[in-house]
Amino acid sequence: MANQRSFCCRTKIRFFLTLTLVAAAALFLFNIATQILDIPPSRKDFIQREYEDRGEIIRKWRKEKSQPRNKPVIGAVPCKGKKCNKFMGVLGLDKNSEGGASAQHCRHPLFLPQNDSISSYFSKRPPLKCKVPEELQCGYSGGKITVAADWSCLLQAINRPDSKDSVVEYTSPQLLTRSVDVQELKLDKDFYRLSCVPNKHLVGTESQKPLGKLEMMVADGETSEQHFFTHISSYPDGELDLCPSDKCLPYNVLILGVGSLSQASFRRLLPKTYDYFTNTLLSSQFTGYNVVGDGATGALLPLLTGLDESHQVEARINKEHSHYMDRMELLWNAYDRQGYATLYAEDHPSSNTFNERFQGFERTPTAHYMRPFWLAAESHLSQEFCLGEKPKHQYMLDYLLDFFSAYKKDRKFAIAMLKELTQTDLSLAQHLDDDLLKFLMTMSPFLQNTLVILMTDHGLIPDQTATSWQVKVQARMPLMSIYLPQSFFNDHSDLAHALISNEDKLVTPYDIHHTLKDIIDTPRLSFSDPRDKGKFGQSLFRPIPVDRTCESAGVDIHWCACHTRFEIGDGEIDRSKVKEKVLTKLNEMTSSHRDHCAAYTTISLLSIYRVVPNEQIAEYEALKNEKFTAETKLDQNYYQVTFSATSSVSDVSDLYEVTLELKDTVFSQSYSMVSEIVRLNKPKTKSCSVDKDIIRYCSCLTL
């Protein structure tokens, strides 16, 4: 028996010694491999620990969310069963818990991305392949300009003139007759045009030199090849003044957005990107993120300024006393003052957030500004969504990578919005998935000290789904995900913990603004500092109160997604009065533009729902000790109306929605609008000569 115990003991010792040797050998081989691959020590630590450490911390904190939970709602049906458990797991919720704090007043519905009720409006798209000419003789790639033998090219920088946000100009041309590295040329601009022809086309009179002939051909659009490229020169490390550690947290900020997608649509159409950002990078997704206004403007202005449009200086086109957007205190200005390199880019100049309805900028808003590039390139697109041999969105992603590489040790603030693909057809977002995934993976060396926001601006309501309550709610709930690096968890665990505690709560663009202000103004993180809150919103680096409501968060009732809706009963409202109200208001808004806009003549009510804030229902049931039902009436009763409007000049109906308040007395009913009228579909004309602020309500006379 003693010999048997001794044998077992020796066996265990040999096993553990073998295990130790294997582990040591694995570590040795890993170190050798990283030396061969020239991976720096900081990068090795990132590979070894980053996701494991963060994952352990995040899972622990999410599990420790102590508040009891209510069953989440998918559409109008309580979430239960295997589908629910799988969905809650994706959101980082314990599948055995009951999702959403019971004390939380604002509880948003949760929607499965593959919900059958709207799946028919999406279609599978083949990969976007840009057509490439069989034999390109010239071009730009990897920092090198290629010029074939017996060819000549003109290289010109693309500039933005002062005070002209929708005009570009080209610098004096430089003649290239051979391939050359851009470092040799010492390029100091961001954007260039390369125009090339075979030398045989440059034969002219004796008095006409090749440069002059080529300039004339470029001016006349007669070049054989034309290429556009972006290039950011490397800057000396530490050239910018570094914000002191007692003032700023030592992190870059990257905001990467996609236009017109809800949370659910992003997950459906970009599954690889979503999975990588959520489950590999372990970012926080804010499932209660709620818009505060209409369109991209309603999403980005509050995020960048902390205020909605109604609290800004007048900057709309064709308005009296209108100013440039420079008058607004945009977030990138604050970062610039703290020594950050700044970048702003959107890929669709005609619908740019700050130019479609607004005056744009008098001065270049950021150190690196991509609008001039797209203005120059838009008339040279090789095919839809392509510029030359590359998809348009790839130029922007490459530009971002160049930006982060150029400012190696300086801090950086960048915001980039990919909007063109999803302007009219959400299914086209599928073209982004592989390229966004590759971009995020390529960015990994910069993620050690970069806070990344992956977001969408708002959901889009297809014409066919205008009356769907689920689609309406999803349109108010875009994607908001935030990645914090490992060092943030190590050095600021209290802030990271607070941010994670807010994942399921009502969050708005105002909150994102205050969160980003905290990065460059750390005294605000003190609870005693009065600047930690603005008119609306608070930093996500402190817990959001569970009793937060849309009203207290600055979300108007029309945009609030945490409401309960009720079908209206017969005779509950006077439909004829509703029609009269909206028809009168619509025609009032275009009355001074009758030379361009016909008056609407017919209103058709498509759907009417009564909407009641969740906190009002809870308050009523607690006070009355009875169930709140569709027949229960309050002092204030709100109705969300979707309707179509038709004029005598068009057979096409324009779709709108509005929220009305009903004032019901013994003798009569009266209605008042508590929201603006919101256009749901795009105007069906391209030749209506009114500004973008009016065209939303215009039935154009010129089709």
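Since the structure is predicted, the reported quantities are computational estimates derived from the model, not experimental observations.

**As for the packing of aromatic side chains**
For step 1, the next point in the chain: All told, the structure shown has 29 aromatic pairs when counted by the stated rule.
For step 2, the next point in the chain: When the centroid spacing of 5.5 Å and the interplanar angle of 45° are considered together, the rings of phenylalanine 191 and phenylalanine 373 count as tilted. Of this pair, phenylalanine 191 sits in strand S9 (residues 191–198) while phenylalanine 373 sits in helix H11 (residues 371–377), and the two are 182 residues apart along the sequence. One exposure class covers both phenylalanine 191 and phenylalanine 373, and it is buried.
For step 3, the next point in the chain: Centroid distance tryptophan 469 to tyrosine 609: 5.0 Å. Interplanar angle 65°. Geometry classified as edge-to-face. Separated by 140 residues along the polypeptide, tryptophan 469 in helix H14 (residues 469–475) and tyrosine 609 in strand S24 (residues 600–613) bring together distant segments of the chain. Residues tryptophan 469 and tyrosine 609 agree in their burial class; the two are buried.
For step 4, the next point in the chain: Through a chain of ring-to-ring contacts, three or more aromatic side chains come together here, namely Phe191, Phe373, Trp374, Tyr395 and Tyr399.
For step 5, the next point in the chain: Here arginine 193 stacks its cationic end above the ring of tyrosine 170, 3.7 Å away from the centre of that ring.
For step 6, the next point in the chain: Sitting over the ring of tyrosine 395, lysine 390 keeps its end group 4.2 Å from the ring centre.

**Quick look at the pattern of salt bridges**
For step 1, the next point in the chain: In this structure the tally under the stated criterion is 23 salt bridges.
For step 2, the next point in the chain: Note that aspartate 294 is salt-bridged to arginine 696, the shortest N-O span being 3.6 Å. Taken as a pair, aspartate 294 in the loop between strand S13 (288–289) and helix H9 (295–305) and arginine 696 in the loop between helix H21 (692–695) and strand S29 (699–700) lie far apart in primary sequence, 402 residues in all.
For step 3, the next point in the chain: You can call aspartate 294 partly exposed: its relative accessible area is 24%.
For step 4, the next point in the chain: A relative accessible area of 19% places arginine 696 in the buried class.
For step 5, the next point in the chain: Taken together, the salt bridges that share partners define one network made up of Asp294, Glu309, Glu314, Arg316, Arg357, Asp693 and Arg696.

**Some details on the environment of valine 649**
For step 1, the next point in the chain: Position of valine 649 relative to the elements: it lies in the loop between strand S25 (637–647) and strand S26 (654–664).
For step 2, the next point in the chain: On the basis of relative accessible area, valine 649 is assigned to the partly exposed category, the value being 32%.
For step 3, the next point in the chain: Once the C-alpha coordinates of valine 649 and serine 699 are considered, the two residues, 50 residues apart in sequence, prove to be 7.7 Å apart.

**Re the sheet that holds strand S3 (residues 138–141)**
For step 1, the next point in the chain: As summarised here, the arrangement of the three strands in space is S3-S4-S8, forming an open sheet in which the pairing is antiparallel. Looking at which strands have only one partner, the edges of the open sheet turn out to be S3 and strand S8 (180–181).
For step 2, the next point in the chain: Pairing of strand S4 (residues 144–147) with S8, which is carried by two bridges, proceeds in the antiparallel orientation. Its bridge partner being in S8, lysine 144 is matched across the sheet by aspartate 181.

**Let's talk about the side chain of lysine 412**
For step 1, the next point in the chain: Among the secondary structure elements, lysine 412 is positioned in strand S18 (residues 412–418).
For step 2, the next point in the chain: Here lysine 412 is buried and forms no salt bridge, its nearest opposite-charge partner aspartate 410 lying at an N-O distance of 7.1 Å.
For step 3, the next point in the chain: Polar contacts involving the side chain of lysine 412 include one to the main-chain carbonyl oxygen of aspartate 410, which spans 2.6 Å.

**A short note on the state of the cysteines**
For step 1, the next point in the chain: Inspection of every chain in the model, using the stated rule, returns six disulfides.
For step 2, the next point in the chain: Here cysteine 106 connects covalently by a disulfide to cysteine 562, the sulfurs 1.8 Å from one another. Judged by the sign of its S-S torsion, about -100°, the cystine formed by cysteine 106 and cysteine 562 is left-handed. Separated by 456 residues along the polypeptide, cysteine 106 in the loop between helix H3 (81–90) and helix H4 (116–119) and cysteine 562 in the loop between helix H18 (550–553) and strand S22 (563–567) bring together distant segments of the chain. For the pair cysteine 106 and cysteine 562, a shared accessibility class is recorded, and that class is buried.
For step 3, the next point in the chain: Residue cysteine 130 pairs covalently with cysteine 386 via a disulfide, S to S 2.0 Å. Sign of the S-S torsion, about -85° for the bond between cysteine 130 and cysteine 386, identifies this disulfide as left-handed. Of this pair, cysteine 130 sits in the loop between H4 and S3 while cysteine 386 sits in strand S16 (residues 386–387), and the two are 256 residues apart along the sequence.
For step 4, the next point in the chain: In this structure cysteine 386 comes out as buried when scored by relative accessible area, which is 0%.
For step 5, the next point in the chain: There is no disulfide at cysteine 138, and the cysteine sulfur nearest it, in cysteine 153, is 3.5 Å away.
For step 6, the next point in the chain: Looking at cysteine 138, the relative accessible area reads 4%, which means it is buried.

**Some remarks on the pairing of strand S14 (residues 341–346)**
For step 1, the next point in the chain: Of all six residues that make up S14, six are buried, and the element is covered over most of its length.
For step 2, the next point in the chain: The alternating pattern of S14 places Ala341, Leu343 and Ala345 and Thr342, Tyr344 and Glu346 on opposite faces, both of which are buried.
For step 3, the next point in the chain: Pairing of S14 with S18 involves six bridges; the strand directions are parallel. Bridge assignment links tyrosine 344 to a residue of S18, and that residue is isoleucine 415.
For step 4, the next point in the chain: As paired elements, S14 and strand S15 (residues 368–369) share two bridges and run parallel to each other. Pairing of leucine 343 across the sheet is with histidine 368, part of S15.

**Considerations on the packing of H9 against helix H17 (residues 509–519)**
For step 1, the next point in the chain: Where H9 contacts H17, the axes come no closer than 7 Å and their chain directions differ by 30°. Here H9 lies roughly parallel to H17, going by the angle between them. The chirality of how H9 crosses H17 is right-handed. Note on element contacts: H17 touches H9 through Pro509, Tyr510, Ile512, His513 and Leu516, opposite Ala299, Pro302, Leu303, Leu304 and Thr305.
For step 2, the next point in the chain: Per-class residue counts for the contact of H9 with H17 are eight nonpolar, two polar and no charged.

Conventions adopted
- Sequence order as written defines residue numbering, which begins from 1 separately in each chain.
- Only residues with pLDDT of at least 70 get local features here, since the model is predicted, and only at 80 or more are side-chain atom pairs given and counted; chain-wide, interface and lining totals rely on the full set of residues.
- Only hydrogens and water are removed before side-chain values are computed, so all heavy atoms of the structure are retained for them.
- Stacked, edge-to-face and tilted labels apply to pairs of Phe, Tyr and Trp rings (six-membered ring for Trp) whose centres lie within 6.5 Å, assigned for plane angles under 30 degrees, over 60, and everything in between, in that order.
- Runs of H or I in DSSP of at least four residues are treated as helices and runs of E of at least two as strands, each being numbered from the N terminus.
- Relative accessibility under 20% of the residue-type maximum defines a buried residue, over 50% an exposed one, and the middle range a partly exposed one, all with a 1.4 Å probe and only protein chains included.
- Should the NZ of a Lys or the CZ of an Arg lie within 6 Å of a ring centre and within 35 degrees of the ring normal, that charge is described as sitting over the ring.
- Only one rule defines a salt bridge in this text: a Lys or Arg side-chain nitrogen within 4 Å of an Asp or Glu carboxyl oxygen.
- Any two strands with at least two DSSP-identified bridges between them are counted as paired.
- Note that His is not counted, nor are the chain ends; the positive residues are Lys and Arg, and the negative ones are Asp and Glu.
- Polar contacts, as counted here, are pairs of nitrogen or oxygen atoms within 3.5 Å of one another; within protein the pair requires one atom able to donate a hydrogen and one able to accept it, and residues that are adjacent in sequence qualify only if both atoms are side-chain atoms.
- Throughout, a disulfide means two cysteine sulfur atoms within 2.5 Å of one another.
- Note on definitions: angles span 0 to 180 degrees between N-to-C directions of axes, and those axes are lines fitted to C-alpha atoms, for helices only across the stretch in contact.
- If an angle is under 35 degrees, it is roughly parallel; if it is over 145, roughly antiparallel; if it lies from 65 to 115, roughly perpendicular; otherwise it is oblique.
- By convention the crossing between two helices is left-handed if the near helix lies anticlockwise of the far one by an angle smaller than a right angle, and right-handed if it lies clockwise.
- Working rule for contacts: check all heavy atoms of both residues, and any pair within 4.5 Å makes them a contact.
- The classification used treats Ala, Val, Leu, Ile, Met, Phe, Trp, Tyr, Cys and Pro as nonpolar, Asp, Glu, Lys and Arg as charged, and all other residues, Gly among them, as polar.

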